[in-house]
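Here is how the chains run, residue by residue.
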Amino acid sequence: MDSPRSPNFLIVGVTKGGTTFLAKALSEHPDVFFSKPKEPFFFNAPKMTAGAFARYQKDFFGGATTQRWLGEGSTNYFHHNKAIGFIERHLGPETRIMVCLRHPVDRLFSHYLHDYKRGRVTGSEPLGGDKFEAYSSRSLYAKRLKVWQSRFPHMEVLFFDDLLASASRFYGQAAHFLEISPQAIEDTPVNEGLRMAWDGEYLTLRSGKPSVEGQAVPRFERSQVEALGLQFDKDVKRTQDLTDRDLSAWRDLPNFELVEQKFAAFQDRPVRSDVED
């Protein structure tokens, strides 16, 4: 029996950047074998042994047959200090790396709401507190992107903005990077789930209702949200230089809607249950 193979491409981040959609789309391609679950979180271990790596190969890629590409998508690899070294050592610098980036403030609130929906946060966290500092750090891209680019010559940066504009083009970019023919997919809208919206001078839940019993409904002053956005300015400029992509729109706040709108446009169109924002 042949020994299990190792992955030769990874989606390394970022959380709430469109990686769930991308992994699902690629996993359905006949030339791709994708791990189950999507995120083994293997390379962010504090230490790495040959035995552990062999189990990783067997457990997550032992079912691969003739597929050209084997991959996984643990989104915290991008910011993890040790993961990049472990990946370089065990998979090699020729591994193809993909990262999906998103407007930093939009990504931050989407990550917060992801945890809010699951009861991991209360809704009363202050915007300048330690919890939001952790979310903010995951929305800083340039420093880590420069490191990844310097150590992996085959690296592709995708943008959540493109996923919103056209899911098929977003997927097509990844397929082109892997040198496979993209399969036809529908350009159905991203399932946005919980969203933030303006209620006067406060940013709050679009629904106005808590996700879990006992939670508070988050409310953040506009001035605080604007100050939050300003802290990403330098990083956005550096990320723009590293990606050769016009990211000037990221220097403005996301286009949060208004609480009093009825969102008929979203209610009247189908959504993909397998796509996370």
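Whatever comes next refers back to the structure up there.
Given the structure is predicted, the values throughout are model-derived calculations rather than measurements.

> Any details on the packing of aromatic side chains? Residues and values, ideally.
All chains considered together, the criterion is met by 26 aromatic pairs. Here the aromatic cluster, defined as three or more aromatic residues joined through ring pairs, consists of F33, F42, F43, F53, Y56, F60, F61 and Y77. Geometry around W198 places R222 over its ring, the cationic atom sitting 3.9 Å from the centre.

> Please provide a residue-by-residue account of the packing of helix 3 (residues 83-91) against helix 6 (residues 142-151), values included.
Helix-helix packing: each pair is described by the crossing angle between the helix axes and the interaxial distance. Across the interface, helix 3 lies against helix 6 with an axial gap of 11 Å and an inter-helix angle of 10 degrees. One finds that helix 3 runs roughly parallel with respect to helix 6. Between helix 3 and helix 6, the residues in contact are I84, G85, I87 and E88 and R144, V147, W148 and R151, respectively. Looking at the contact of helix 3 with helix 6 residue by residue, the class counts come to four nonpolar, one polar and three charged.

> How would you explain the pairing of strand 3 (residues 69-72) if you had to name every residue and give the values?
Residues W69 and G71 of strand 3 are buried on one face, and the alternating residues L70 and E72, pointing to the opposite face, are buried as well. Judged from the two bridges that link them, strand 1 (residues 9-13) and strand 3 form a sheet pairing that is parallel. Paired with L10 across the bridge in strand 3 is E72. Across three bridges, strand 2 (residues 32-34) lies against strand 3 in parallel orientation. Across the sheet, F33 pairs through a bridge with L70, a residue of strand 3.

> Explain the sheet that holds strand 9 (residues 257-258) to me, and be specific about the residues and the numbers.
Across the sheet, which stays open at both edges, the four strands sit in the order 8-7-6-9 with mixed pairing between neighbours. At either end of the open sheet lies a strand with only one pairing partner, and these are strand 8 (219-221) and strand 9. Looking at chain direction, strand 6 (residues 196-199) and strand 9 are connected through two bridges and run parallel. The partner of A197 across the bridge, within strand 9, is E257. Packing of helix 4 (residues 104-117) onto the sheet brings it into contact with strand 6, strand 7 (202-205) and strand 8, and relative to strand 7 it is tilted by some 40 degrees. Sheet strands touched by helix 9 (residues 222-230): strand 6, strand 7 and strand 8. Its angle to strand 8, the strand with the most contacts, is close to 75 degrees.

> Describe unusual backbone geometry, naming the residues involved and giving the relevant values.
A cis geometry characterises the amide bond from G13 onward to V14, with omega recorded as -5 degrees. Its location among the elements puts V14 in the loop between strand 1 and helix 1 (19-27). Look at the link from K36 to P37: it is a cis peptide, with omega at 0 degrees. Mapped onto the fold, P37 is located in the loop between strand 2 and helix 2 (50-61).

> I'd love a proper account of the pattern of salt bridges, names of residues and values included.
Following the criterion strictly, the structure yields 12 salt bridges and no others. Two residues, K38 and E39, come together in a salt bridge whose shortest N-O distance is 3.7 Å. The buried category is assigned to K38, whose relative accessible area is 17%. Judged by relative accessible area, E39 falls into the partly exposed class, the value being 23%. Two residues, E179 and R68, come together in a salt bridge whose shortest N-O distance is 2.8 Å. On the criterion of sequence distance, the pair formed by E179 in the loop between helix 8 (167-177) and strand 6 and R68 in the loop between helix 2 and strand 3 is long-range, its members being 111 residues apart. Three or more residues are tied together by salt bridges with common partners; here these are R68, R96 and E179.

Basis of the calculations
Residues numbered from 1 in each chain as written. Predicted model: local features only at pLDDT ≥ 70, side-chain atom pairs only at ≥ 80, totals over all residues. Heavy atoms only, no water. Phe/Tyr/Trp six-rings, centres within 6.5 Å; stacked < 30°, edge-to-face > 60°. Lys NZ or Arg CZ within 6 Å of the ring centre and 35° of its normal. Axes fitted to C-alpha atoms, helices over the stretch in contact; angles between N-to-C directions. Helix = DSSP H or I, 4+ residues; strand = E, 2+ residues; numbered from the N terminus. Parallel < 35°, antiparallel > 145°, perpendicular 65-115°, else oblique. Contact = heavy atoms within 4.5 Å. Nonpolar A, V, L, I, M, F, W, Y, C, P; charged D, E, K, R; others polar. Buried < 20%, exposed > 50% of the residue type's maximum accessible area, 1.4 Å probe, protein only. Pairing = 2+ DSSP bridges. Salt bridge = Lys/Arg side-chain N within 4 Å of Asp/Glu carboxyl O.

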